[in-house]
Amino acid sequence: MRDIREITIEQISTWVAEQGEPAFRGKQIAESLWKRGVRSFDEMSNLSLSSRKKLHESFSFKTATIEHESRSKDQTAKFLFSLHDKKKVEGVLIPSRERVTACISSQVGCPLGCRFCATGNMGFTRNLQSHEIFDQYLLMNQKSREYFGHDLSNLVFMGMGEPLLNYEAVMGAIHYLTAPRGIGLSHSRITLSTVGIVKEIYRLADENFRAGLAVSLHSADERIRQHLIPASKTNPLPELQTALQYYVQKTNARITFEYVLLHQVNDSLQDAAKLAHFCKSFPVKINILEYNETGSLFKSSPKHKRDDFLNFLMDKNLIVQSRRKKGEDIDAACGQLATRETEK
Ligand code: SF4
């Protein structure tokens, strides 16, 4: 039976008409699903029992549940979600002084095989549907209230999977998260992170994407980048640069580059110089990430190299932020927990 959240609001209205119910019932159902975030027909308390029964007979709810959770001593919380078909994805809640950010997944596993990423080693199972992405938001928002006393403030598509390889479902979820008749989050509080799928960056630009765009760059040297991110062979740096220039022209946005510093791989001053040169073409912010090396072949850069790298970029007047790793004691990096559960 089809999940009610797999059909459009228009299709719900058609179904309502077929049942001989008044037209406003369609609005009530849509509001329950996307604004109140109900996850069962019993929670639709604004509907009569007979309406709920009809829904029950026609549709299902394929909800995600939290199968496992762990909390780090730094307050980061990590969740293993179980989907209706028992597949697993991960989400992470990251509190900071003024916000709580949820990192959510867009695919079960990932086909891109980035070498530093635990998800990349798992292979790809399937795309998530919009409601499965939306469920991660609902479940982590509940946890944010429980643990930190307020709603999620930010959402990043930086969990398992490459969001631009599941374009429609991710855009569908962002629609329901931002629509006034949905959760109503501001676009500025959502960031989509991609390894740089050139074709889809043009599509984002042409569709006037309004949330933030982050690119996992990790190197501005083609050879090193192709080693770290095999998918960059078909999305080489010059093409990525041109696509990002187009994106900035169309949307007027600033790009965020994510750059994880790996010891003796991409952390020299020559690497910093290449990065600075690559950033010349458009307004950027650079996030320098400390690597969470649990179970990986790569090592995190030592502090002095990290400082040199940051200082070099700042001397070039670039906007640079340094992000410390979080939740190392709970396998908080993307894919670590699901890998562990699969291995069990
Ligand atoms: S870093 Fe992202 S794109 Fe690369 S393998 Fe991991 S999940 Fe996939």
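Residues numbered from 1 in each chain as written. Predicted model: local features only at pLDDT ≥ 70, side-chain atom pairs only at ≥ 80, totals over all residues.

Draft legend 1. Quick look at the overall build of the protein chain. The secondary structure content of the protein chain amounts to 11 helices and 12 strands. On C-alpha atoms alone, the protein chain measures out to a radius of gyration of 21 Å, which is about the 20 Å that the 2.2 N^0.38 rule sets for 344 residues. Its C-alpha atoms put the protein chain at 70 × 45 × 35 Å along the principal axes. Among the 344 residues that make up the protein chain, the fraction classed as buried is 42%. Taking contacts inside the protein chain between residues at least 6 apart in sequence as the whole, the part at least 24 apart equals 69%. (Helix = DSSP H or I, 4+ residues; strand = E, 2+ residues; numbered from the N terminus. Rg over C-alpha atoms; globule rule 2.2 N^0.38 Å. Buried ≥ 20, exposed ≤ 12 C-beta atoms within 10 Å, placed from the backbone. Contact = placed C-beta atoms within 7 Å.)

Draft legend 2. Main features of unusual backbone geometry. With a phi angle near 50°, N208 is a residue other than glycine that sits in the positive phi range. Tracing the backbone shows N208 in the loop between α6 (198–206) and β9 (212–216). Of the residues examined, N208 has 9 C-beta atoms within 10 Å and is grouped as exposed. Backbone geometry at N317 places phi at a positive 65°, although glycine is not the residue there. Residue class for N317 comes out exposed when judged on the 8 C-beta atoms lying within 10 Å of it.

Draft legend 3. Local environment of the nonpolar core. Counting 87 residues, the largest nonpolar core has A102, L155, L177, I201, F257, Y259 and I286 as its most contacted members. Summarising the domain contributions, this core has at least three residues from each of domain 1 (4–58) and domain 2 (65–343). When residues no more than four places from it in sequence are discounted, the contact partners of A102 are G91, L93, Y137, M140, L152 and L155. (Core = buried A, V, L, I, M, F, W, Y, C linked by C-beta atoms within 7 Å. Domains from an automatic or database assignment.)

Draft legend 4. Layout of the packing of α6 against helix α8 (residues 237–251). In contact at an axis separation of 9 Å, α6 and α8 are set at 10° when each is read in the N-to-C sense. One element, α6, and the other, α8, form an angle in the roughly parallel class. When α6 is examined against α8, the residues V198, I201, Y202, L204 and A205 are found in contact with a partner set consisting of E239, L240, A243, L244, Y246, Y247, K250 and T251. Split into classes, the residues belonging to the contact of α6 with α8 amount to 10 nonpolar, 1 polar and 2 charged. (Axes fitted to C-alpha atoms, helices over the stretch in contact; angles between N-to-C directions. Parallel < 35°, antiparallel > 145°, perpendicular 65-115°, else oblique. Nonpolar A, V, L, I, M, F, W, Y, C, P; charged D, E, K, R; others polar.)

Draft legend 5. Main features of the domain arrangement of the protein chain. Here the protein chain is described as being made up of domain 1 (4–58) and domain 2 (65–343). Measuring from the centre of the C-alpha atoms in domain 1 to the corresponding centre in domain 2 gives 35 Å. Considered class by class, the residues forming the side of domain 1 that touches domain 2 number 2 nonpolar, 1 polar and 5 charged.

Draft legend 6. Fine view of the sheet that holds strand β10 (residues 255–261). With respect to topology, 10 strands assemble into an open sheet ordered β1-β2-β3-β4-β7-β8-β9-β10-β11-β12, the strand pairing being mixed. Edge positions in the open sheet fall to β1 (65–71) and β12 (319–323), since each of these has one partner strand only. Each strand axis lies, on average, 20° off the axis of its neighbour in the sheet, ignoring direction. Note: strand β7 (residues 154–157) against strand β8 (residues 190–194), 3 bridges, orientation parallel. Bridging across to β8, F157 finds its partner in L192. Lying on the sheet, helix α4 (residues 130–148) is in contact with β1, β2 (77–82), β3 (88–95), β4 (100–103) and β7; it crosses β3 at an angle near 35°. (Pairing = 2+ DSSP bridges.)

Draft legend 7. Focus on the site of the ligand. The environment of the ligand is made up of 12 residues, and the closest members are C110, C114, C117, T119 and G120. Here the shell around the ligand is composed, by residue class, of 7 nonpolar, 4 polar and 1 charged. (Near = placed C-beta within 6 Å.)

Draft legend 8. Looking closely at the environment of K53. Topologically, K53 is positioned in helix α3 (residues 49–58). As for K53 and D42, which are separated by 11 residues in sequence, their C-alpha atoms are 9.1 Å apart.

Draft legend 9. Summary view of the packing of α4 against helix α5 (residues 167–178). As a packed pair, α4 and α5 sit with axes 8 Å apart at the nearest point and diverge in direction by 45°. Taken as axis vectors, α4 and α5 run oblique relative to one another. For the pair α4 and α5, the sense of crossing is right-handed. Taking contact as the criterion, the partners of S130, I133, F134 and Y137 in α4 are, on α5, A169, V170, G172, A173, Y176 and L177. By residue class, the composition of the contact of α4 with α5 is 8 nonpolar, 2 polar and no charged. (Left-handed = near helix turned anticlockwise from the far one by under 90°.)

Draft legend 10. Inspection of the environment of N235 at higher detail. Among the secondary structure elements, N235 is positioned in the loop between α7 (222–228) and α8. Residues N235 and F309 lie 74 residues apart in sequence; the distance between their C-alpha atoms is 26 Å. Not counting residues up to four positions away in its chain, the partners in contact with N235 are G196, I197, V198 and L240.

Draft legend 11. Just the pairing of β9, in detail. Within β9, 4 of the 5 residues are buried, which leaves it mostly tucked inside the rest of the structure. The sheet contact formed by β8 and β9 spans 4 bridges and is parallel. The residue of β9 that forms the bridge with L192 is L213. Crossover β8 to β9 through α6 is right-handed. In the sheet, β9 pairs with β10 via 3 bridges, with the strands oriented parallel. Looking at β10, one finds that V215 is bridged to F257. (Right-handed = clockwise from strand over helix to strand, strands pointing away.)

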